[in-house]
Amino acid sequence: MAKPIEIGLVLEGEDARRFHKYMEDPKITKEGRKLIHEAIKIAKKEKLYA
């Protein structure tokens, strides 16, 4: 059986606090929203998304 991949990323200190704060109330910019919509269009075109 395949062994799971271990990323090994550990956030500490201020990085960990900022990450947890973001996860409680994530924000998305207009540019981020545009990128997501473009990715969905490409995925549909390539039949990677239903």
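A brief look at the structure comes next. (Residues numbered from 1 in each chain as written. Predicted model: local features only at pLDDT ≥ 70, side-chain atom pairs only at ≥ 80, totals over all residues. Heavy atoms only, no water.)

Overview of the pattern of salt bridges
At step 1: Counted according to the given criterion, the structure contains four salt bridges.
At step 2: Arg17 is paired through a salt bridge with Glu14; the nearest N and O atoms lie 3.4 Å apart. One end of the pair, Arg17, and the other, Glu14, are both in helix 1 (residues 13-24), three residues apart, so they sit about a helical turn from each other.
At step 3: By relative accessible area, which is 44% here, Glu14 ends up partly exposed.
At step 4: Asp15 is the salt-bridge partner of Arg18, the closest N and O atoms lying 3.4 Å from each other. Remark: Asp15 and Arg18 occur in helix 1; sequence separation between them is three residues, near one turn of the helix. (Salt bridge = Lys/Arg side-chain N within 4 Å of Asp/Glu carboxyl O. Helix = DSSP H or I, 4+ residues; strand = E, 2+ residues; numbered from the N terminus. Buried < 20%, exposed > 50% of the residue type's maximum accessible area, 1.4 Å probe, protein only.)

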